[in-house]
Amino acid sequence: MKHQCMLPRGRRVRTLCTVVFIALIVALQVVVFDFHKKVARSESERLERMHAQSANTQVAPLISILASTGPSRADFFTNLWESFQRQKYANKELIVFEDSEDKPSDFWRNISDSRVKYFHVQHSRGRRMGIGSKHQRMMRLARGEFMAIFDDDDYYSP
């Protein structure tokens, strides 16, 4: 049994379908735009509330800075540490996560700053964690209300 279209064929039908299709796209764009405006407004309101709360309590929110590294990156440890220290924001912590086949890095274990949390995971040859797994693990260890990811080989402005 053949399916037959109940609409008359011709240029008018194609034009009508095109107009309806364009109207639907425009309506969808308006809905998406309104959604993004609402999300941005609620995020802005949330940040304003947090700012007002921190102004009232005089305690700035803790920012957790996450840094993933390894023993082959030891040349960058000093740079990472100095970038963290140069940051002007006071209420911060640095979470350093190192996975290696070797023993833990002496550099990070010798830092006596209480804001630095160093974690070492020893793995078998060729079984290193992926960057996503490292970030997830660090996020679970972080105590901050906000998080920033520092790459050990980048320089960060205060």
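Residues numbered from 1 in each chain as written. Predicted model: local features only at pLDDT ≥ 70, side-chain atom pairs only at ≥ 80, totals over all residues. Heavy atoms only, no water.

Here the focus is the confidence of the model for the protein. For the protein, mean pLDDT is 78; residues scoring 70 or higher make up 83% of the total. Put simply, helix α1 (residues 11-57) is where the protein has its lowest mean pLDDT, 71, and strand β1 (residues 63-69) is where it has its highest, 89. (pLDDT = per-residue confidence, 0-100. Helix = DSSP H or I, 4+ residues; strand = E, 2+ residues; numbered from the N terminus.)

Moving on to the pairing of β1. Taking burial as the measure, the seven residues of β1 include six buried ones, the bulk of the element. For the crossover that starts at β1, traverses helix α2 (residues 77-86) and ends in the parallel strand β2 (residues 92-100), the hand is right-handed. Across six bridges, the pairing between β1 and strand β4 (residues 146-151) is parallel. When the sheet's bridge partners are listed, Ala67 is paired in β4 with Phe150. (Buried < 20%, exposed > 50% of the residue type's maximum accessible area, 1.4 Å probe, protein only. Right-handed = clockwise from strand over helix to strand, strands pointing away. Pairing = 2+ DSSP bridges.)

Moving on, we come to the packing of aromatic side chains. Throughout the structure, instances matching the rule amount to four aromatic pairs. Centre to centre, the rings of Phe77 and Phe107 are 5.8 Å apart; their planes meet at 40 degrees, and the pair counts as tilted. Of this pair, Phe77 sits in helix α2 while Phe107 sits in helix α3 (residues 106-109); the two residues are 30 residues apart in sequence, bridging distant segments of the chain. Given a relative accessible area of 3%, Phe77 falls into the buried group. Centroid distance Phe107 to Trp108: 5.0 Å. Interplanar angle 85 degrees. Geometry classified as edge-to-face. Assessed through its relative accessible area of 28%, Phe107 is described here as partly exposed. For Trp108, a relative accessible area of 2% gives the class buried. Stacked on the ring of Phe84, the Lys or Arg Lys92 has its end atom at 5.0 Å from the ring centre. (Phe/Tyr/Trp six-rings, centres within 6.5 Å; stacked < 30°, edge-to-face > 60°. Lys NZ or Arg CZ within 6 Å of the ring centre and 35° of its normal.)

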